[in-house]
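Structural overview
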Amino acid sequence: MPEKNQILNELSAVSTKDELETRYQTYLGKKGSITQQFKTMGSLSPEERKNKGQELSALKTALEEAFAEKETTFLMSEINALLEKDLVDISLPAKRLETGHYHLLAKTRREMEEIAQSMGFRVEMGKEVVSKFENFEAVNIPITHPATEMHDTIYLKDKDERGENYVMRTHTSSAQNAVIKKYGVPIKVVLPGRCYRFDEMDATHDTMFYQMEGVYIDKNISIANFKYVIQTFLSGLLQKKVEVRMRPGYFPFVEPGFEIDARYEYLDQKTGEKKLSKWIELLGAGMIHPNVLKTAGVNPEEWRSGFAFGIGVNRVAAMKYGIKDIRYFTNGDLRFLKSF
Ligand code: FA5
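This is a predicted model, so every value here is computed, not measured.

Brief notes about the overall build of the protein chain
The secondary structure content of the protein chain amounts to 12 helices and 11 strands. Taken against the 2.2 N^0.38 rule, which gives 20 Å for 340 residues, the C-alpha radius of gyration of the protein chain at 43 Å runs more than 25% over that of a compact globule. Projected onto the principal axes, the alpha-carbon positions of the protein chain cover approximately 135 × 60 × 35 Å. The buried share of the protein chain, reckoned over its 340 residues, is 41%. A separation of at least 24 residues holds for 63% of the contacts in the protein chain among residues at least 6 apart in sequence. In the structure as shown, the protein chain presents an accessible area of about 20200 Å², 53% of it carried by carbon and sulfur atoms. Charge centroids of the protein chain, computed over 48 positive and 48 negative side chains, lie 3 Å from each other.

Structure below.
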């Protein structure tokens, strides 16, 4: 039988788990030499058996312990290796999480809503899909009127109760009739939303753009009131000194009608001089036509005083943030979108 010390020496030289298992089987496994010796004890005298039994049991216990200890050292080094591999360096800077933000058009629209609200206007959402009646006739544009030519749009297959195809609205003025019917007069409301037109795209025209309609009907409302409202609104929105120019303009749903241009003062980056921007057409407006009031169930004799306006949100945003081409808003270029 090998000496205990010899086995322990062998054990200390073992360097792999497999080798450890082989050694274990050699001495303590089912067919191991020490296990075998227990089996030969039957032939011994009771006295010898007792001594031999004690001797073997002590040897077996000591060796089991030594093998278990060796196995623990292997286990520990495996765990340490794993920990080393999965080491997390908490001193490394964290990955930057991208945070989303409003699109510049949504931001501008919300700012416009807030300013309008602060001036006493209710904010209402109109529909994007409207009947031809709402888009044209309800705002005094007969369907055969040449003005409809400038308002070509997408026609839907679905038809309204008059058997006419629904359209994607070409202007937020299409919401005037429904909102006046809904709230009656007096009324002071803005209606922001998307519009669609078959327009040639360029730096100031897109085929989908936002407008914000304003409708203010009350007794004793004049053009002077309108000019004050729009100048206050634009100065608040653009946070710049804004100059407003009113030109006569034709819209069948107002009488008289105007086109409003604006320009603002800015600092030339190169020369440091104060300069004036070019005039930019921002909105159409006018005093509401009696036919529009009549169609919405309002007596024009009693309420023939009120104005409406339709501002292009994309152009306002472009003016506010110094963007040269409104197509940037919708072309999906993330470099542009992320820079605001
Ligand atoms: C209208 O749409 C009238 N409904 C406005 C109005 C309302 C007049 C109430 C009177 C009373 P106009 O087509 O000019 O008018 O458009 C108004 C504004 O929308 C323009 O000044 C411009 O800022 C913007 N706009 C018009 N077409 C486009 C387009 N294709 N792309 C971007 N903005 C546009």
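Having seen it, we continue.
Re the side chain of N140
Within the secondary structure layout, N140 lies in the loop between helix 6 (132–135) and strand 3 (155–159). Within the structure, N140 has its side chain in polar contact with the backbone oxygen of P252 (distance 2.8 Å). One polar contact links N140 to N291, side chain to side chain, over a distance of 3.0 Å.

A short note on the sheet that holds strand 4 (residues 165–168)
The 3 strands lie next to each other as 2-4-3, forming an open sheet whose pairing is antiparallel. The sheet is open, and its two borders are formed by strand 2 (129–130) and strand 3, each paired with just one other strand. Where strand 2 lies against strand 4, 2 bridges are found, and the strand directions are antiparallel. Note that in strand 4 the partner of V129 across the bridge is M168.

Looking at the domain arrangement of the protein chain
Assigned domains of the protein chain: these are domain 1 (4–85) and domain 2 (104–337). Each of domain 1 and domain 2 was reduced to a C-alpha centroid, and the two centroids are 92 Å apart.

Overview of the nonpolar core
Across soluble globular proteins, you tend to see nonpolar side chains buried next to one another. Formed by 41 residues in total, the largest nonpolar core has its most connected members in F226, F233, L234, L283, F309 and F329. Elements that contribute at least two residues to this core include exactly helix 5 (104–118), strand 6 (208–217), helix 8 (223–238), strand 7 (242–248), strand 8 (254–267), strand 10 (280–288), strand 11 (306–312) and helix 11 (313–321). At 7 residues, the largest contribution of residues to this core is made by helix 8. Residues contacting F309, with those up to four places away along its chain left out, are V190, M212, E213, G214, F226, I230, L283, G284 and A285. One finds F136, V189, L191 and L293 within the second-largest nonpolar core, a separate group that totals 21 residues.

Topic: the packing of helix 1 (residues 4–13) against helix 4 (residues 46–85)
At their nearest, the axes of helix 1 and helix 4 sit 11 Å apart, and the two run at 10° to each other. Taken together, the axes of helix 1 and helix 4 are roughly parallel relative to one another. Listed contacts from helix 4 to K4, I7, L8, L11 and S12 of helix 1 are L59, A62, L63, A66, F67 and K70. Of the residues in the contact of helix 1 with helix 4, the class split is 8 nonpolar, 1 polar and 2 charged.

Focus: the site of the ligand
Looking at the ligand, there are 24 residues lining it, with S173, R197, D199, D206 and E281 nearest. L283 places a main-chain nitrogen or oxygen 3.4 Å from an oxygen atom of the ligand. Between G312 and the ligand, the recorded distance is 3.5 Å, taken from a backbone N or O atom to an oxygen atom. Surface burial for the ligand is 95%, taken as the share of its 670 Å² of free accessible area covered by protein chains.

Some remarks on the layout of surface pockets
The calculated volume of the largest pocket comes to roughly 770 Å³. Taken together, 36 residues line the largest pocket, and the ones lying closest to its centre are H151, R197, Q211, F251 and E281. Those elements giving two or more residues to the lining of the largest pocket turn out to be strand 6, strand 8, strand 10, strand 11 and helix 11. Of the residues in the lining of the largest pocket, the class split is 17 nonpolar, 12 polar and 7 charged. A volume near 560 Å³ is recorded for the second largest pocket. Looking at the second largest pocket, it is lined by 18 residues, and the ones nearest its centre are Y264, S277, I280, I323 and K324. Those elements that provide at least two residues to the lining of the second largest pocket are strand 8 and helix 11. With 3 residues, the single largest contributor to the lining of the second largest pocket is helix 11.

About the criteria used
Residues numbered from 1 in each chain as written. Predicted model: local features only at pLDDT ≥ 70, side-chain atom pairs only at ≥ 80, totals over all residues. Heavy atoms only, no water. Helix = DSSP H or I, 4+ residues; strand = E, 2+ residues; numbered from the N terminus. Rg over C-alpha atoms; globule rule 2.2 N^0.38 Å. Buried < 20%, exposed > 50% of the residue type's maximum accessible area, 1.4 Å probe, protein only. Contact = heavy atoms within 4.5 Å. Areas by Shrake-Rupley, 256 points an atom, 1.4 Å probe, with all protein chains shown as cover. Lys, Arg positive; Asp, Glu negative; His and termini not counted. Charge placed at Lys NZ, Arg CZ, Asp CG, Glu CD. Polar contact = N/O pair within 3.5 Å; in protein donor to acceptor, adjacent residues only side chain to side chain. Pairing = 2+ DSSP bridges. Domains from an automatic or database assignment. Core = buried A, V, L, I, M, F, W, Y, C linked by side-chain atoms within 4.5 Å. Axes fitted to C-alpha atoms, helices over the stretch in contact; angles between N-to-C directions. Parallel < 35°, antiparallel > 145°, perpendicular 65-115°, else oblique. Nonpolar A, V, L, I, M, F, W, Y, C, P; charged D, E, K, R; others polar. Near = heavy atom within 4 Å. 1 Å grid on protein atoms, 1.4 Å probe; cavity = no way out; pocket = protein on both sides within 12 Å on 5 of 7 lines; lining within 4 Å. Points joined across faces, edges and corners; volume = space filled by probe spheres on them.

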